[in-house]
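A closer look at the structure
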Amino acid sequence: MNNKFFLYFFIIVLIGCNNKKEISFETLKISTEKEVNKPLVVINVPKAIKKSKVSETINKTIKDKIISLLIFDDEVVVDNIDDAISSLNDEFLSVKEKLPGDATRWEATINGKVIYETDKIITIDLETYEFTGGAHGYESSILLNFDVVKGELIPNEELFSSKEEFYNIAESTFRLQEKIPANVPINDTGFMFEEEVFTLPNNIGYTKKGLKLLYNTYEVGSYADGQIEVLLPYAEINKMLVVKGEKQE
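These notes cover the structure that comes with them. (Residues numbered from 1 in each chain as written. Predicted model: local features only at pLDDT ≥ 70, side-chain atom pairs only at ≥ 80, totals over all residues. Heavy atoms only, no water.)

1. Considering the sheet that holds strand β6 (residues 152–153)
For clarity, the cut-off: By this definition, two strands are paired if DSSP reports at least two bridges between them. A helix here means a DSSP run of H or I that spans at least four residues, while a strand means a run of E at least two residues long, and both kinds are numbered starting from the N terminus. A contact between two residues is defined here by any heavy atoms of the two lying within 4.5 Å. Axis lines are fitted through C-alpha atoms, for helices just across the contact stretch, and the angle between N-to-C directions can take any value from 0 to 180 degrees.
Ordered by their spatial adjacency, six strands build an open sheet running β1-β2-β3-β4-β5-β6, and the pairing between neighbours is mixed. Edge positions in the sheet fall to β1 (25–31) and β6, since each has one partner strand and no second. Here strand β3 (residues 107–117) pairs with strand β4 (residues 121–131) via 10 bridges, running antiparallel. From the neighbouring strand, K113 faces β4, where its bridge partner is D125. In this fold helix α2 (residues 53–70) packs onto β1, β2 (40–48), β3, β4, β5 (138–147) and β6, with an angle of close to 160° to the strand it touches most, β5.

Written as structure tokens, this is what we have:
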């Protein structure tokens, strides 16, 4: 009986180790830097290279995000990055034809990296910059959390076992960080939450130090406010998370 138990235990450990190793990454690199009279597109993002459900989900999700960032015309439908770049080129040339005096080169930069990885969760951060004319470009971040076991992208609302409790601690931390007294409206110091009600950001992600809440520029503030980040240590919020976070060195 003992021998069977230890054999079973060994198999379970071996499977666990294999699962941890089934995901590895290389970098997908694309650049149009040397192409003249076209937008500058620079892409450096993680690409999962070992075949598994979560690898396929990661690669497809990142591809779809890149395409959505490159497509200038919402009516254009493409299913690969090369066609998305071609669509951006077409839009740029169309604008140049209509406004020949505006020769400013458009830009789209997407840099991604794995910022958190365990045998349960992988979080990828896509840092983006877009410029299609005007006074300035636009920088944004996209945080993507993947369930390694199920092989799925995790919607933000499914991160929490106790959303109301998490919501309350998130608002308290936001107010403390931004020096907004608890007894005044959330927009009292100039923020722009809809209907004066605190809301969680569109981007929430696991990091090595805690769970990051990231408000992109214009999400709740002005361009001058830029991105706003709130970091919640796992020791304070793990009881509210479906998958507990681990502080990493």
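2. Side note on α2
What sets the pattern is the α-helix's 3.6 residues per turn: residues three or four places apart point alike. Quick note on the threshold: Multiplying 1.5 Å by the helix residue count minus one yields the expected span of that helix. Residue burial is assigned from relative accessible area. The probe radius is 1.4 Å, only protein chains are included, and a residue is buried under 20% of its type maximum, exposed over 50%, and partly exposed in between.
Spanning 18 residues, α2 covers 26 Å between terminal C-alpha atoms, matching the ideal 26 Å at 1.5 Å per step. Within α2, burial applies to V54, S55, T57, I58, T61, I62, I66, I67, L69 and L70.

3. So, the environment of T217
With respect to the element layout, T217 can be found in the loop between β8 (211–215) and β9 (228–232). By relative accessible area, which is 9% here, T217 ends up buried. Along the sequence, T217 and Y138 sit 79 residues apart, while their C-alpha atoms lie 8.1 Å from each other. Apart from residues lying up to four places away in sequence, T217 is in contact with Y138, E139, S222, Y223, G226 and Q227.

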